[in-house]
Amino acid sequence: HWQKTPKPSWIRVRLPSGEAFQRLKDLMRSKSLHTVCEEARCPNMAECWGCGTATFLILGDICTRDCRFCAVKTGNPGLNFLNLKEEPGQVADAVAAMELRHAVITSVTRDDLEDGGASIFAETIRKIHERTPGCTVEVLIPDFKGNLDSLKAVVKARPDILGHNVETVPRLYPLARPQAAYGRSLRVLGVVKEIDLNILTKSGVMVGLGETREEILDVMKDLRSVGCDIFTIGQYLSPTQHHLPVVRYYTPEEFESLKEAGIRAGFRWVESGPLVRSSYHAEAQVRELRTR
Ligand code: SF4
Ligand code: SF4
């Protein structure tokens with residue numbers, strides 16, 4: 001039985017406004033590109049778009065998986081006509097026109113494609129580097145079903161940050177991410193470092209799905225054991241009543257305490273807060289960690 005837990009006062013969303021924001025919105029429409037910022041109605045849109053960071057969703061908007069916390073449409077993307085080969089150029093054009101300083105590229109999971117869409121990720125990174133050399137590029141990738149060739153193809157295109165979210169603690173995988181595997185997700189992050197130590201790796205969890213603090217600390221240890229540099233922790237917000245309910249809202253103090261625990265665990269950067277999403281403050285991370 002689904003019962004809505006009332007949202008506490010610290011979950012406040014500022015509505016996006018301003019000229020820069022409107023310009024980006026119009027541009028997305030004109031190129032028919034998808035951004036996660038819009039699709040997920042991300043609470044940080046005003047801040048991110050205002051500062052020239054946006055997250056593009058490539059490979060279409062229909063996912064082959066069915067995570068119980070995610071609002072993206074599920075189904076057979078093959079039925080949806082999309083010219084994937086043109087997508088890298090279109091995204092790179094948009095990044096250039098938007099004069100972005102940091103572009104985040106992510107996708108639905110495409111278990112139906114042989115390489116999981118890795119070649120399109122790689123081409124998108126290359127095209128952005130070519131057209132906007134000053135713009136740093138972050139990719140937030142699916143697990144490619146553990147396909148090493150796919151992973152290598154993305155790493156070779158040299159993103160500045162490679163992210164792959166573990167999303168929750170392993171005990172809750174069957175409930176929240178039935179088609180994923182915790183160990184496989186850790187391996188994705190570990191293999192990236194084995195191939196190229198210079199790429200910053202990043203992962204994150206949503207809290208409020210029923211995990212314990214101890215379990216979160218164990219996830220931190222596991223991520224550090226595969227060399228993960230950046231960790232993000234945000235509050236899970238149930239998209240609709242058909243998704244998993246929020247078991248608990250963490251207080252700002254609890255987020256602060258988890259951040260301290262993350263720094264003690266050895267991450268080079270931890271973002272932790274009620275509205276934190278994996279690309280939140282991403283530009284600051286890459287600028288700061290690159291100069292250290
Ligand atoms: Fe977009 Fe990420 Fe910023 Fe949200 S946090 S607005 S998804 S760039
Ligand atoms: Fe959503 Fe990603 Fe899960 Fe697909 S794989 S349902 S996009 S979280």
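Described below are features of the structure shown in this document. (Residues numbered from 1 in each chain as written. Chains lettered and ligands numbered in written order. Predicted model: local features only at pLDDT ≥ 70, side-chain atom pairs only at ≥ 80, totals over all residues. Heavy atoms only, no water.)

## Topic: the overall build of the protein chain
Link 1 in the chain: The helix and strand inventory of the protein chain stands at eleven helices and ten strands.
Link 2 in the chain: The C-alpha atoms of the protein chain give a radius of gyration of 18 Å, which matches the 19 Å a tight globule of 292 residues would have.
Link 3 in the chain: In terms of overall dimensions, the protein chain has a C-alpha envelope of 45 × 45 × 40 Å along the principal axes.
Link 4 in the chain: For the protein chain, the residues scored as buried account for 53% of the 292 residues in total.
Link 5 in the chain: Here the analysis covers contacts within the protein chain between residues at least 6 apart in sequence; of these, 73% occur between residues at least 24 apart.
Link 6 in the chain: The averaged location of the 37 negative side-chain charges in the protein chain is 1 Å from the averaged location of its 39 positive side-chain charges. (Helix = DSSP H or I, 4+ residues; strand = E, 2+ residues; numbered from the N terminus. Rg over C-alpha atoms; globule rule 2.2 N^0.38 Å. Buried < 20%, exposed > 50% of the residue type's maximum accessible area, 1.4 Å probe, protein only. Contact = heavy atoms within 4.5 Å. Lys, Arg positive; Asp, Glu negative; His and termini not counted. Charge placed at Lys NZ, Arg CZ, Asp CG, Glu CD.)

## Structural notes on the site of ligand 1
Link 1 in the chain: The immediate surroundings of ligand 1 are formed by Cys37, Cys42, Asn44, Met45, Cys48, Thr55, Arg277, Ser279 and Tyr280.
Link 2 in the chain: In the shell around ligand 1, the residues fall into five nonpolar, three polar and one charged. (Near = heavy atom within 4 Å. Nonpolar A, V, L, I, M, F, W, Y, C, P; charged D, E, K, R; others polar.)

## Examining the site of ligand 2
Link 1 in the chain: Every residue lining ligand 2 is accounted for by Cys63, Arg65, Cys67, Phe69, Cys70 and Thr109.
Link 2 in the chain: Partitioning the shell around ligand 2 into residue classes produces four nonpolar, one polar and one charged.

## Considerations on the side chain of Arg65
Link 1 in the chain: Looking at the element boundaries, Arg65 is found in the loop between strand S3 (62-63) and strand S4 (73-74).
Link 2 in the chain: With relative accessibility at 6%, the residue Arg65 sits in the buried group.
Link 3 in the chain: Within the local environment of Arg65, its side chain forms a polar contact with the side chain of Asp143, the two groups lying 2.9 Å apart.
Link 4 in the chain: Other than its neighbours up to four places away in sequence, Arg65 contacts Thr74, Thr109, Asp111, Asp143, Lys145, Gln179, Ala180 and Arg184. (Polar contact = N/O pair within 3.5 Å; in protein donor to acceptor, adjacent residues only side chain to side chain.)

## A few points about unusual backbone geometry
Link 1 in the chain: In this model, Arg158 sits at a positive phi of 60°, which is unusual for a non-glycine residue.
Link 2 in the chain: Secondary-structure assignment places Arg158 in the loop between helix H6 (148-156) and strand S7 (161-163).

## Some words on helix H11 (residues 282-291)
Link 1 in the chain: For H11, the full list of buried residues reads Ala282, Glu283, Gln285, Val286 and Leu289. Buried residues along H11 cover an arc of 160° about the axis, so they all sit on one side. (Arc of directions from axis to C-beta.)

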